[in-house]
Amino acid sequence: MPNQDYSKISPTAKLVAYFRQFSDIPFAADVAALMHAEDVFNELLQGTDLTPEFLKWAAPLAEARYKSIVSAIKREGITQVLELASGLSLRGLAMTEDPEYTYVETDLPGITEEKQQILSIIKSNQALRERQNLFFHAVNILEFPQISSAIRHFEPSHPVAVIHEGLFQYLSMSEKETAARNIHSVLSRFGGVWLTPDFETKAELERRSHTHSQLQKLAQAVTGATQRDIYNAAFDNQEQIADFFSRLGFKLRISPQIDGSYQLTAMQKLGIPEANIKNYKFNGNIWTLRVE
Ligand SMILES: C[S@@+](CC[C@H](N)C(=O)[O-])C[C@H]1O[C@@H](n2cnc3c(N)ncnc32)[C@H](O)[C@@H]1O
């Protein structure tokens, strides 16, 4: 039984926010500066023999993951978005510049509060207008009443895109099942789609660790900090992913995260040769799930 204190997972949001600052993702540099990302990063590295070299891997992967979701939402043409475990990504602030979108960002209470403080500083520094189409709610994905309260902003007659990145990896199989059932309930009510890069297999994790040993050390540091065993919580193989979600009433489609629909900019900032892009391609898939 994994540790039930989910707030132990929240600092990982700061780690991802640290990686995103090396990209051109909107507000990523502001967030990293305001939350003192460097300190969080150094604290995590303490006592490990990780070197900043691993940034060259982690930053482009974080950028691809973020941008592949934005591309997928746009491809689906859905303008109501429920983001679960949104951390400090501020994708809602970026997307709601377009008034067509209604965006509900959710995460656990502590990180949601921190995000709102950061957001109000960014809004005032950049004189951003108030967004009538952006909402924040404290939501534990395992608690349907909390989700239910967050989705009250959506038009019932319009489909919803439910998204998350970097959440399912931390959940046990039974927690994944509860979360999937909750998302099924949302999609059954509104229609729409579930988009996520989060379903990873043990083989993928092994391959990634093998390709760069620094990433394996990072995974160990994260496991220690969150008390969540990411390797054992991963799916055994692709067949298990397909069986798991079809048993819960979903149709699934898998596509690569890096599909040419956006530019990866962190590589240039970190001085990684463009030719190395092939090394990143193994990483990521994005899953599209619909209620059957
Ligand atoms: C690796 S971070 C990813 C954050 C964000 N999606 C990003 O990419 O920056 C994992 C996030 O999962 C959130 N989380 C952990 N357990 C959760 C739960 N039971 N319900 C909702 N969010 C949860 C944490 O608070 C944290 O923000």
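Anyway, here's the lowdown on the structure attached to this text. Computed from a predicted structure; not experimentally measured. (Residues numbered from 1 in each chain as written. Predicted model: local features only at pLDDT ≥ 70, side-chain atom pairs only at ≥ 80, totals over all residues. Heavy atoms only, no water.)

## Some points on the packing of aromatic side chains
Applying the stated criterion across every chain yields a total of 16 aromatic pairs. Between Tyr 18 and Phe 41, the aromatic rings sit 4.1 Å apart at their centres with planes inclined by 15 degrees, giving stacked as the arrangement. Residue Tyr 18 is located in helix H1 (residues 11-20), and its partner Phe 41 is located in helix H3 (residues 37-45); the two are separated by 23 residues in the primary sequence. Per residue, the accessibility class of Tyr 18 equals that of Phe 41, and both read buried. When the ring of Phe 199 is compared with that of Phe 235, the centres are 6.1 Å apart and the planes differ by 80 degrees; the resulting orientation is edge-to-face. Here Phe 199, found in the loop between strand E5 (192-196) and helix H9 (202-211), pairs with Phe 235, found in the loop between helix H11 (230-233) and helix H12 (238-247); they are 36 residues apart in sequence, far enough to count as distant. In this structure an aromatic cluster arises from ring pairing among Phe 168, Trp 194, Phe 199, Phe 235, Phe 244, Phe 245, Phe 250 and Trp 287. Just above the ring of Tyr 66 sits the side chain of Arg 91; from NZ or CZ to the centre is 4.4 Å. The lysine or arginine in question, Lys 202, covers the ring of Tyr 231, its NZ or CZ lying 5.9 Å from the ring centre. (Phe/Tyr/Trp six-rings, centres within 6.5 Å; stacked < 30°, edge-to-face > 60°. Helix = DSSP H or I, 4+ residues; strand = E, 2+ residues; numbered from the N terminus. Buried < 20%, exposed > 50% of the residue type's maximum accessible area, 1.4 Å probe, protein only. Lys NZ or Arg CZ within 6 Å of the ring centre and 35° of its normal.)

## Brief notes about the pattern of salt bridges
Taken as a whole and judged by the stated rule, the model has 14 salt bridges. Note that Lys 67 is salt-bridged to Glu 63, the shortest N-O span being 2.7 Å. One end of the pair, Lys 67, and the other, Glu 63, are both in helix H4 (residues 55-76), four residues apart, so they sit about a helical turn from each other. Across the pair, exposure class does not vary: Lys 67 and Glu 63 are buried alike. (Salt bridge = Lys/Arg side-chain N within 4 Å of Asp/Glu carboxyl O.)

## Concerning the side chain of Arg 20
Mapping Arg 20 onto the fold places it in helix H1. One buried charge, Arg 20, has no salt-bridge partner; the nearest side chain with opposite charge is Glu 165, at 4.3 Å. If we skip the residues at most four places from it in the chain, Arg 20 touches Ile 25, Ala 28, Ala 62, Tyr 66, Leu 88, Ser 89 and Glu 165. (Lys, Arg positive; Asp, Glu negative; His and termini not counted. Contact = heavy atoms within 4.5 Å.)

## Side note on the sheet that holds strand E6 (residues 250-256)
Read from one edge of the open sheet, seven strands run E3-E2-E1-E4-E5-E7-E6, paired in mixed fashion. Looking at the sheet topology across the chains shown, the edges are occupied by strand E3 (134-138) and E6. Between one strand axis and the next, the sheet turns by 20 degrees as a mean value, whatever way the strands run. Here strand E1 (residues 80-83) runs beside strand E2 (residues 102-107); their pairing, made up of four bridges, is parallel. Residue Glu 83 lies in a different strand from E2, and its bridge partner there is Glu 105. Its contacts with the sheet put helix H6 (residues 109-125) on E2 and E3, and the angle it makes with E3 is roughly 150 degrees. Contacts between helix H8 (residues 173-190) and the sheet are confined to E1, strand E4 (160-163), E5, E6 and strand E7 (285-291), with E5 contributing the most and set at about 145 degrees to the helix. (Pairing = 2+ DSSP bridges. Axes fitted to C-alpha atoms, helices over the stretch in contact; angles between N-to-C directions.)

## Looking at the layout of surface pockets
One number sums up the size of the second largest pocket: a volume of about 220 Å³. Taken together, Lys 8, Pro 11, Thr 12, Lys 14, Leu 15, Val 40, Glu 43, Leu 44, Val 222, Ala 225 and Thr 226 make up the lining of the second largest pocket. Those elements that place two or more of their residues in the lining of the second largest pocket are H1, H3 and helix H10 (213-226). Along the lines of polarity and charge, the residues of the lining of the second largest pocket split into six nonpolar, two polar and three charged. (1 Å grid on protein atoms, 1.4 Å probe; cavity = no way out; pocket = protein on both sides within 12 Å on 5 of 7 lines; lining within 4 Å. Points joined across faces, edges and corners; volume = space filled by probe spheres on them. Nonpolar A, V, L, I, M, F, W, Y, C, P; charged D, E, K, R; others polar.)

## What about the environment of Glu 100?
Tracing the chain through its elements places Glu 100 in the loop between helix H5 (91-95) and E2. Taking relative accessible area as the criterion, Glu 100 reaches 57% and is therefore assigned exposed. With 22 residues separating them along the chain, Glu 100 and Ile 78 place their C-alpha atoms 9.7 Å apart.

## Here's the deal with the site of the ligand
Near the ligand you find 21 residues, and of these Ser 10, Ala 85, Asp 107, Asn 140 and Glu 165 are the closest. Within the side chain of Ser 10, one N or O atom sits 2.7 Å away from an oxygen atom of the ligand. Ile 141 places a polar main-chain atom, nitrogen or oxygen, 2.9 Å from a nitrogen atom of the ligand. Relative to its unbound accessible area of 590 Å², the ligand is 99% covered by the protein chains. Looking at which element gives the most residues to the shell around the ligand, the answer is H1, with four residues. Each residue belonging to the shell around the ligand can be placed in one class, and the counts come to eleven nonpolar, six polar and four charged. (Near = heavy atom within 4 Å. Polar contact = N/O pair within 3.5 Å; in protein donor to acceptor, adjacent residues only side chain to side chain. Areas by Shrake-Rupley, 256 points an atom, 1.4 Å probe, with all protein chains shown as cover.)

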